[in-house]
Amino acid sequence: MLTGGNATECDGGFSDESSESDGHYYYDALKYPCPPNLSVWWNMGSMLFLVLGAQILTGIMLTTNYSSDEQLVSVSVDYIMRDANYGWIIRSMHMGGASLFFALIYMHVARGVYFGAYLKNPHVWYSGLTLYLLSMGVGFLGYVLPWGVMSYWGLTVITNMMTVIPGGARALDWFQGGYVITSMTLKRVFVLHFLLPFVILGLSLTHVLFLHMNGSSNPLGLDETNFSVPFHPYYSIKDLAGFVLLLIGFVGVTFTFASLTVDPLQWQPINKMKTPTVIKPEWYFLYAYAILRSIPHKAGGVFTMFAAIAGVAVFPMISGPEKFQSMKVCPLVRLVFIIWAANFMFLTVIGAQEPTGGWVLAGQFSTVLHLGALVVIPAVKMKWEMELYNRPEKPEEALCTKKETVAVVDNTKELV
């Protein structure tokens, strides 16, 4: 294995001053020191960059034929799917890419929680959380643009959450362009959905810069600053292999299951006089929607939902100076993590159901479990390490240690 300095020496091979700056640039660009034991779970970040680029590219192509007028939006969507050259492929890639993007985000966050990435790089953790919140906003705005039944009523539900904050009613009127949702609202949704991905792209570069300041975490959760390998070729090849697998999955989703998660009501024309029996967003928002519906009080539901979404922000705050960042040394925390992940999937199922009967009670129980796990995971992990490393010695071990210390002192006196 090569340390950071040795990697520069061996790979660069520059001895004269004229080539020193070129060697330093080459090292910074391609020889960024990485832990030698990174697994496939560290491929998610580069995959997210690839999917984000595909989403921006396909989105720009779709805007050339999309109309944000309330009377023409369905006509423009039909034109994209039926008459525009390869329009159906581009739209299917955009729809499937959104699902793939959020699936990668959830795996990326789960990896960070399991391996304790928030302990090594709190700034990376908070910038990543900001990226997730922005991505949720962009994803929901994109869900509105086809202007089907679910689009309209989903926008009605989400925008009405603004009224729980002081001055929210006035802000809602400003956003809608009036007292009801109209073409003016749709145009604003379209503009925001077009611009915010570029904000996400810029913040993603900041996210990577923060990562390079302190280095990556690793599966063992140990400090491997002086025990590293260069990014190229060790992990550049690994990322390329991940890209190939991602593209295979991307093509499969695009040509086979692009509309699998879309509710059939999304394809029906809007009826503003009839509310659907079940209003639900796309699958990647169902867990948050289930939490929102579980609280009967409107303001309480909104607050609880945002607490559940941004709750991972408390991990760096309530964690201590732990020797092992990873959960590998703590079986109890691993069990809590598995329960938390399974409960997340169960909340996703609950969010797709009609809020009646046992589903309401199940949603409330899962909400408490989700919020409780956000506090229990770092607290139990810290307590486990305190017990593991600060446990008092056994009497026999303490006696042996004391005898060895006395013997060493006596030998030192004799030598003097």
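(A) Seen up close, a nonpolar patch on the surface. On the surface, Leu 332, Leu 335, Ile 339, Phe 365, Leu 369, Trp 384 and Leu 388 cluster together to form a nonpolar patch covering roughly 620 Å² of accessible area. The element best represented in the nonpolar patch is helix α17 (residues 358-389), accounting for four residues. Mapped onto the secondary structure, Trp 384 falls in helix α17. A residue is classified by how much of its surface remains accessible, and Trp 384, at 30% relative accessible area, is partly exposed.

(B) Here's a closer look at the environment of Pro 219. Within the fold, Pro 219 resides in the loop between α10 (183-214) and β2 (229-230). Sequence separation of Pro 219 and Lys 328 is 109 residues, and the distance between their C-alpha atoms is 8.2 Å. In contact with Pro 219, not counting residues within four places along its chain, are Asn 37, Leu 38, Ser 39, Trp 42, Phe 115, Ser 326 and Lys 328.

(C) Local environment of helix α14 (residues 298-309). With 12 residues, α14 extends 17 Å between its outermost C-alpha atoms, agreeing within 8% with the 16 Å of an ideal straight helix rising 1.5 Å per residue. Those residues of α14 that fall on the buried side of the exposure criterion are Gly 301, Val 302, Thr 304, Met 305, Ala 308 and Ile 309. Down the axis of α14, the sector holding all buried residues measures 165°, keeping them to one side.

(D) Region of interest: the packing of helix α13 (residues 286-294) against α14. In contact at an axis separation of 8 Å, α13 and α14 are set at 145° when each is read in the N-to-C sense. Of the two elements, α13 crosses α14, and the hand of that crossing is right-handed. Here Tyr 287, Ala 288, Ile 291 and Leu 292 of α13 lie close against α14, whose contacting residues are Gly 301, Val 302, Thr 304, Met 305, Ala 308 and Ile 309. Across the contact of α13 with α14, the residue classes tally to eight nonpolar, two polar and no charged.

(E) Quick peek at the pattern of salt bridges. Counted according to the given criterion, the structure contains one salt bridge. A salt bridge links Lys 272 to Glu 70; the nearest nitrogen and oxygen atoms lie 2.7 Å apart. With Lys 272 in the loop between α12 (236-256) and α13 and Glu 70 in the loop between α3 (44-63) and α4 (73-82), this pair connects stretches of sequence that are 202 residues apart. The exposure class of Glu 70 is buried, given its relative accessible area of 17%.

(F) The side chain of Ser 99, seen in detail. Secondary-structure assignment places Ser 99 in helix α5 (residues 87-114). Setting aside anything within four residues of it in sequence, one finds Ser 99 in contact with Thr 261, Trp 283 and Tyr 284.

(G) Summary view of unusual backbone geometry. The omega torsion across His 232 and Pro 233 is 10°, close enough to zero to call that bond cis. Even without being a glycine, Tyr 86 presents a positive backbone phi close to 55°. Within the element layout of this structure, Tyr 86 appears in the loop between α4 and α5. Given a relative accessible area of 61%, Tyr 86 falls into the exposed group. Phi is positive for Trp 147, which is not a glycine, with a value near 60°. Its location among the elements puts Trp 147 in the loop between α7 (122-144) and α8 (149-159).

What counts and what doesn't
- Residues numbered from 1 in each chain as written.
- Predicted model: local features only at pLDDT ≥ 70, side-chain atom pairs only at ≥ 80, totals over all residues.
- Heavy atoms only, no water.
- Patch = residues over 30% accessible without salt bridge, like charges linked within 9 Å, V, L, I, M, F, W, Y side chains within 5 Å.
- Areas by Shrake-Rupley, 256 points an atom, 1.4 Å probe, with all protein chains shown as cover.
- Salt bridge = Lys/Arg side-chain N within 4 Å of Asp/Glu carboxyl O.
- Helix = DSSP H or I, 4+ residues; strand = E, 2+ residues; numbered from the N terminus.
- Buried < 20%, exposed > 50% of the residue type's maximum accessible area, 1.4 Å probe, protein only.
- Contact = heavy atoms within 4.5 Å.
- Expected span 1.5 Å × (residues − 1).
- Arc of directions from axis to C-beta.
- Axes fitted to C-alpha atoms, helices over the stretch in contact; angles between N-to-C directions.
- Left-handed = near helix turned anticlockwise from the far one by under 90°.
- Nonpolar A, V, L, I, M, F, W, Y, C, P; charged D, E, K, R; others polar.

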